[in-house]
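Fold and geometry: a report
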Amino acid sequence: QKTIMHARETMLSYDLDTMRKLIDQYAADKGKLPQSLDDLVTAGYMRSVPKDPITDNTDWAIVTGDDPYSTEGGTGIIDVHSSSSDVSTSGTPYGEW
């Protein structure tokens, strides 16, 4: 069980890091923040939205905020987290990762 949870946590950390980098890359390339994770797929930044390894769904918790790239003062995705309310093996909630 510990090995399985460690593998899921490792994958969660990797997926979050990757999606955060792609959000930044999208914003730099397009001059605006994405409105959804599907925007990253449509624009070719990733093949599909990955499943959260903790919830086994694509139900990521999206954080939106002011878009510093937008000239009209729009908003977009600024961060992404796991939607799980569970606590990791290190004692921190997955939703705070």
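Residues numbered from 1 in each chain as written. Predicted model: local features only at pLDDT ≥ 70, side-chain atom pairs only at ≥ 80, totals over all residues. Heavy atoms only, no water.

Summed over the entire model, instances satisfying the criterion amount to 2 salt bridges. With its nearest N and O atoms 3.2 Å apart, the salt bridge here joins Lys21 to Asp17. Taken as a pair, Lys21 and Asp17 lie in helix α1 (residues 2–30) at a separation of 4 residues, close to a single helical turn. With a relative accessible area of 53%, Lys21 lands in the exposed category. In this structure, the salt-bridge partner of Asp79 is Arg20, at a minimum N-O distance of 2.6 Å. Separated by 59 residues along the polypeptide, Asp79 in strand β2 (residues 75–81) and Arg20 in helix α1 bring together distant segments of the chain. Taking the relative accessible area as the measure of exposure, Asp79 reaches 21% and is therefore partly exposed. (Salt bridge = Lys/Arg side-chain N within 4 Å of Asp/Glu carboxyl O. Helix = DSSP H or I, 4+ residues; strand = E, 2+ residues; numbered from the N terminus. Buried < 20%, exposed > 50% of the residue type's maximum accessible area, 1.4 Å probe, protein only.)

Right, let's get into the side chain of Ser88. Inspection of the secondary structure puts Ser88 in the segment after β2. Of the polar contacts made by the side chain of Ser88, one reaches the side chain of Ser90; its length is 2.9 Å. If sequence neighbours within four positions are ignored, Ser88 has contacts with Glu9, Tyr94 and Trp97. (Polar contact = N/O pair within 3.5 Å; in protein donor to acceptor, adjacent residues only side chain to side chain. Contact = heavy atoms within 4.5 Å.)

Quick look at the environment of Tyr45 now. Among the structural elements, Tyr45 can be located in the loop between α2 (37–42) and β1 (61–66). Sequence separation between Tyr45 and Ile23 is 22 residues; the distance between their C-alpha atoms is 8.9 Å. With residues up to four places along the chain from it excluded, the contact list for Tyr45 reads Leu22, Gln25, Tyr26, Asp29, Lys30 and Leu40. At a separation of 2.7 Å, a polar atom in the side chain of Tyr45 contacts the side chain of Asp29.

Locating Ser82 in the fold gives a position in the segment after β2. Classification of Ser82 by relative accessible area gives buried; the value is 2%. At 2.5 Å, the side chain of Ser82 forms a polar contact with the side chain of Asp52. Among the polar contacts made by the side chain of Ser82, one reaches the main-chain amide nitrogen of Ser84 at a distance of 3.1 Å. With sequence-adjacent residues up to four places away left out, Ser82 is seen in contact with Leu12, Leu16, Asp52, Ile54, Trp60, Ala61, Tyr94 and Gly95.

What is shown is where atoms sit, not what they do.
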